[in-house]
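# Inside the fold
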Amino acid sequence: MYQTDTIIALGSNLGNSIFKLSCAIKELRKIGFISKIADIYISKPFGYKYQNNFYNTAVLLKTRKAPLELINKIHQIENKLKKNKKIKNGPRNIDIDIIFYGKNKYYFNNLIIPHPRAVDRDFVLFPVLDIDPFFRHPNEKKSIKVLSNKLDKKYIIKKLSYRNLI
């Protein structure tokens with residue numbers, strides 16, 4: 001079976017978020033090879049406003065896991081790191097989402113790839129831009145660079161080096 005380049009977004013806003021992102025990346029390395037890590041973007045909360053700022057990043061994960069198997073492994077990682085999501089768009093220790101699975105489209109129950117709201121969220125798209133600005137969105141048929149140019153950085157506050165995660 002071949003490996004698929006998968007772009008995974010990660011976020012955290014409880015406790016030591018950089019440490020939690022690092023732990024999640026360490027766990028993702030157990031299910032595939034991480035070839036790139038985006039910088040960290042500190043962003044204002046989306047949706048539920050009464051919470052800490054988020055720390056967001058993304059990784060390029062080369063994996064042999066099929067989408068359903070991959071999302072199950074991701075849920076196991078979130079459980080291990082105590083995701084602790086009680087409110088929609090609310091505070092959490094860790095949040096891990098599949099944004100792109102190669103150039104494939106995938107629809108099964110609640111798993112939709114590409115992530116349906118990624119192009120509207122600067123805190124998702126800008127880390128993806130760090131990984132591959134020329135990747136063409138399978139639905140939008142435009143590069144990440146073009147899509148990100150259309151977004152205002154209305155949530156992003158600050159950018160930190162990904163080296164904080166290593």
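Computed from a predicted structure; not experimentally measured.

Quick notes on the rules
Residues numbered from 1 in each chain as written. Predicted model: local features only at pLDDT ≥ 70, side-chain atom pairs only at ≥ 80, totals over all residues. Heavy atoms only, no water. Helix = DSSP H or I, 4+ residues; strand = E, 2+ residues; numbered from the N terminus. Rg over C-alpha atoms; globule rule 2.2 N^0.38 Å. Contact = heavy atoms within 4.5 Å. Areas by Shrake-Rupley, 256 points an atom, 1.4 Å probe, with all protein chains shown as cover. Lys, Arg positive; Asp, Glu negative; His and termini not counted. Charge placed at Lys NZ, Arg CZ, Asp CG, Glu CD. Phe/Tyr/Trp six-rings, centres within 6.5 Å; stacked < 30°, edge-to-face > 60°. Buried < 20%, exposed > 50% of the residue type's maximum accessible area, 1.4 Å probe, protein only. Core = buried A, V, L, I, M, F, W, Y, C linked by side-chain atoms within 4.5 Å. Salt bridge = Lys/Arg side-chain N within 4 Å of Asp/Glu carboxyl O. Expected span 1.5 Å × (residues − 1). pLDDT = per-residue confidence, 0-100. Arc of directions from axis to C-beta.

## Section: the overall build of the chain
- Looking only at helices and strands, the chain features four helices and eight strands.
- Secondary structure of the chain in N-to-C order comes out as β-α-β-β-β-α-β-β-β-α-α-β.
- Computed over the C-alpha atoms, the radius of gyration of the chain is 15 Å, within 12% of the 15 Å expected from 2.2 N^0.38 for a compact globule of 166 residues.
- In terms of its C-alpha atoms, the chain occupies a principal-axis envelope of roughly 40 × 35 × 35 Å.
- Put simply, 70% of the contacts in the chain that link residues at least 6 apart link residues at least 24 apart.
- Counting only carbon and sulfur atoms, one obtains 51% of the accessible surface of the chain, whose full area is about 8,900 Å².
- Positive and negative charge centroids in the chain, built from 32 and 13 side chains respectively, lie 2 Å apart.

## Topic: the packing of aromatic side chains
- In total, this model carries five aromatic pairs according to the counting rule given.
- Note on Y48 and Y50: the rings are 6.0 Å apart at their centroids and 75° apart in plane angle, and the pair reads as edge-to-face.
- Ring geometry for F100 against F135: centres 4.7 Å apart, planes inclined by 50°, an arrangement best described as tilted. Linking F100 in strand β5 (residues 95-101) with F135 in the loop between α3 (122-131) and α4 (144-149), this pair joins segments that are 35 residues apart in sequence. The pair F100 / F135 is uniform in exposure class, with both members buried.

## A look at the nonpolar core
- Within the largest apolar cluster, 23 residues are counted, with the highest numbers of intra-cluster contacts made by I7, I99, F100, F126, V128, I131 and I144.
- Those elements that provide at least two residues to this core are β1 (4-12), β4 (54-63), β5, α3 and α4.
- Here this core gets seven residues from one element, more than from any other, and that element is α3.
- In terms of nonpolar packing, the next biggest core, distinct from the first, is built from 21 residues, I8, L10, I37 and I113 among them.

## A word on the pattern of salt bridges
- Scanning all chains against the criterion turns up nine salt bridges.
- Look at the salt bridges and you will find they share partners, linking E78, K83, R92 and D95 into a network.

## Overview of helix α1 (residues 17-28)
- Between the first and last C-alpha of α1 there are 16 Å, a value that for twelve residues agrees with the 16 Å anticipated at 1.5 Å per step.
- Among all positions of α1, only S17, K20, L21, S22, A24, I25, E27 and L28 are buried.
- Buried residues along α1 sit against β1, β2 (33-37), β4, α2 (67-80) and β5.

## Details of the confidence of the model for the chain
- Residues with a pLDDT of 70 or more make up 98% of the chain, whose mean pLDDT is 91.
- When pLDDT is averaged over each helix and strand of the chain, the minimum, 87, is found for strand β8 (residues 156-160) and the maximum, 97, for β4.

## A word on α2
- In a regular helix each residue adds 1.5 Å, so 14 residues correspond to 20 Å; α2 covers 20 Å between its end C-alpha atoms and thus fits that length.
- Turning to α2, its buried residues number three or more, namely P67, L70, I71, I74, I77 and E78. Looking straight down α2, one finds its buried side chains confined to an arc of 115°; they lie on one side.
- Contact partners of the buried residues in α2: β1, α1, β4, β5, β6 (106-108) and β7 (111-113).

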